[in-house]
Amino acid sequence: MNQLNSLILEGNIVKDAELSEPMKGFKVCKFSLAVNRFAKKSSGESFEEVSFFDIETYGKTADYCEKNGTKGRSIRVVGRLKQNRWKDTDGKSQSKILIIAEHIEFKPVFQNSSEKSSNQTESKFENQNQSMQEEVAF
């Protein structure tokens, strides 16, 4: 029986997602996610804590993330932790923990009225509705 390894993160993509195919037919999409946390110290002073997480996703979800995963885009990631371990060139043990995204939800993109793009044919309502429906799971 598998033990529980599940998490949910909401944040913003730090830079455009990158798709690679390390083996024929095996696609991997990688990106970093910034997650902000706001809290107060015992003195009452507010502070912000930002954490950065490396995200990987595979297959059709990787294609989807590469297409929609642009810098600054808000997303929700449901996934699991994975630990990679290796020995470096000096023989020292190294490890890195990353998040394997099993479900991605892209938040709606809202355009400022001052922004003009060539995609004016799609109404804001259609864009918002489509974005809310952009969920992929494997």
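Refer to the structure printed above.
Below: a short report on this structure. Fair warning: this is a prediction, and the values are worked out from it, not measured in the lab. (Residues numbered from 1 in each chain as written. Predicted model: local features only at pLDDT ≥ 70, side-chain atom pairs only at ≥ 80, totals over all residues. Heavy atoms only, no water.)

Evaluation of the coordinates by the stated rule reveals two aromatic pairs. Their ring planes at 65° and their centres at 5.5 Å tell us that Tyr64 and Phe106 sit as a pair that is edge-to-face. Separated by 42 residues along the polypeptide, Tyr64 in helix H1 (residues 59-68) and Phe106 in strand S6 (residues 93-106) bring together distant segments of the chain. As far as burial versus exposure is concerned, Tyr64 and Phe106 are alike and both buried. (Phe/Tyr/Trp six-rings, centres within 6.5 Å; stacked < 30°, edge-to-face > 60°. Helix = DSSP H or I, 4+ residues; strand = E, 2+ residues; numbered from the N terminus. Buried < 20%, exposed > 50% of the residue type's maximum accessible area, 1.4 Å probe, protein only.)

Quick look at the nonpolar core now. Counting 18 residues, the largest nonpolar core has Phe31, Leu33, Ile75, Val77, Ile104 and Phe106 as its most contacted members. For this core, the secondary-structure elements that each account for two or more residues are strand S1 (7-13), strand S3 (26-40), H1, strand S5 (74-87) and S6. For Ile75, the residues in contact, after removing those within four places along its chain, are Leu9, Glu10, Gly11, Ile13, Phe31, Leu33, Glu105, Phe106 and Lys107. (Core = buried A, V, L, I, M, F, W, Y, C linked by side-chain atoms within 4.5 Å. Contact = heavy atoms within 4.5 Å.)

This paragraph deals with the pairing of strand S2 (residues 18-23). Across four bridges, S2 lies against S3 in antiparallel orientation. In the sheet register, Glu18 faces S3, and the bridge partner there is Lys30. Linkage of S2 to S3, two consecutive antiparallel strands, is achieved through a turn of two residues, within which Gly25 is found at a positive phi near 85°. (Pairing = 2+ DSSP bridges.)

Here we take up the pairing of strand S4 (residues 46-58). As judged from the 13 bridges shared by S3 and S4, these two strands associate in the antiparallel manner. Pairing of Phe31 across the sheet is with Ile55, part of S4. As consecutive antiparallel partners, S3 and S4 are separated by five residues, and within that stretch Gly44 has a phi angle of approximately 95°, a positive value.

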